[in-house]
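Spelled out from the first residue to the last, the chains are:
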Amino acid sequence: MILIGDNLIPHKTFSYVDSIMEIEHTEPNSTLIFNYDENLLVYCRKHQLSNAVIVSNIKEAIYCNALNSKYIICDKKLAKSVQKIAENYVFDAKILAIIENNDEIEKIALSEIDGVIYSSLLNK
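Report follows, based on the coordinates. If you're wondering where the values come from, they're calculated on a predicted model, not measured in any experiment.

With that settled, consider the overall build of the chain. Secondary structure assignment for the chain yields 5 helices and 7 strands. Here the C-alpha radius of gyration of the chain, 14 Å, is about what a compact globule of 124 residues would show, namely 14 Å. In terms of principal-axis extent, the alpha carbons of the chain reach across some 40 × 30 × 20 Å. Looking at the chain as a whole, 44% of its 124 residues qualify as buried. Contacts spanning at least 24 positions in sequence make up 34% of the contacts within the chain whose residues lie at least 6 apart. Accessible surface, the chain as shown: approximately 7,600 Å² in total, 49% of it carbon and sulfur. Taking the 12 positively charged and 17 negatively charged side chains of the chain as two groups, their mean positions are separated by 5 Å.

Shown next, in the form of structure tokens:
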């Protein structure tokens, strides 16, 4: 299980961005996090930039996988549906459920979601 943002587990650098212009101000080799945006997705794919995208529905998750996102981030309820589709279609992207604290890890693990990301990491 992937645990991103947990104090006990080291993780790579993540940079939250809202626009293509903000990308130039991020740390080199960081994974870009952004809310679903087709322009950012296409830009990241074209420039081979690692990204994690916050989605609000299954269609967005499908596009993220098709455009080479590393992580697809969604709320816990949606994560169950997206994970099932990801397994059926053998997504390369990993599905991450948003959690507030480590008390939620066990429930996510029992739902067989690829991993979690702490909501505090998603704040700008």
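From this point on, the discussion continues.
Glancing now at helix α4 (residues 76-88). Look at α4: 19 Å from first C-alpha to last across 13 residues, which is about the 18 Å you get at 1.5 Å a residue. Turning to α4, its buried residues number three or more, namely Leu78, Ala79, Val82, Gln83 and Ala86. Projected onto a plane normal to the axis of α4, the buried residues spread over an arc of 135 degrees and lie on a single side. Projecting away from the buried face of α4 at angles above 90 degrees are the exposed residues Lys77, Lys84 and Asn88. As for α4, its buried residues are in contact with α3 (58-66), β5 (71-74) and β6 (94-99). Regarding α4, its N-cap is Asp75, as a side-chain oxygen of that residue lies 3.1 Å from the backbone nitrogen of Lys77 further along. Positive phi shows up at Val90, right after α4, with a value of about 50 degrees.

Moving on, we come to the sheet that holds β5. Here 7 strands make up an open sheet; going across it, the order is β1-β7-β6-β5-β4-β3-β2 and the pairing parallel. The sheet is open, and its two borders are formed by β1 (2-4) and β2 (14-16), each paired with just one other strand. Taken over all neighbouring pairs, the strand axes of this sheet differ in orientation by 25 degrees on average, direction set aside. Taken together, the 3 bridges between strand β4 (residues 51-54) and β5 define a ladder with parallel strand orientation. When the sheet's bridge partners are listed, Ala52 is paired in β5 with Tyr71. Strands β3 (31-35) and β4 of the sheet are contacted by helix α2 (residues 38-46), whose axis makes an angle of about 160 degrees with β3.

The next thing to look at is the nonpolar core. Judged by nonpolar contacts, the single largest core of 29 residues is most densely connected at Phe34, Val55, Ile72 and Ile95. Those elements that provide at least two residues to this core are β3, α2, α3, β5, α4, β6, α5 (105-110) and β7 (115-118). Tallying contributions element by element places α4 first for this core, with 4 residues. If you look at the next biggest cluster of nonpolar residues, it comprises 12 residues, including Ile33, Ile54, Leu96 and Leu122.

Cut-off values and rules
- Residues numbered from 1 in each chain as written.
- Predicted model: local features only at pLDDT ≥ 70, side-chain atom pairs only at ≥ 80, totals over all residues.
- Heavy atoms only, no water.
- Helix = DSSP H or I, 4+ residues; strand = E, 2+ residues; numbered from the N terminus.
- Rg over C-alpha atoms; globule rule 2.2 N^0.38 Å.
- Buried < 20%, exposed > 50% of the residue type's maximum accessible area, 1.4 Å probe, protein only.
- Contact = heavy atoms within 4.5 Å.
- Areas by Shrake-Rupley, 256 points an atom, 1.4 Å probe, with all protein chains shown as cover.
- Lys, Arg positive; Asp, Glu negative; His and termini not counted.
- Charge placed at Lys NZ, Arg CZ, Asp CG, Glu CD.
- Expected span 1.5 Å × (residues − 1).
- Arc of directions from axis to C-beta.
- Polar contact = N/O pair within 3.5 Å; in protein donor to acceptor, adjacent residues only side chain to side chain.
- Pairing = 2+ DSSP bridges.
- Axes fitted to C-alpha atoms, helices over the stretch in contact; angles between N-to-C directions.
- Core = buried A, V, L, I, M, F, W, Y, C linked by side-chain atoms within 4.5 Å.

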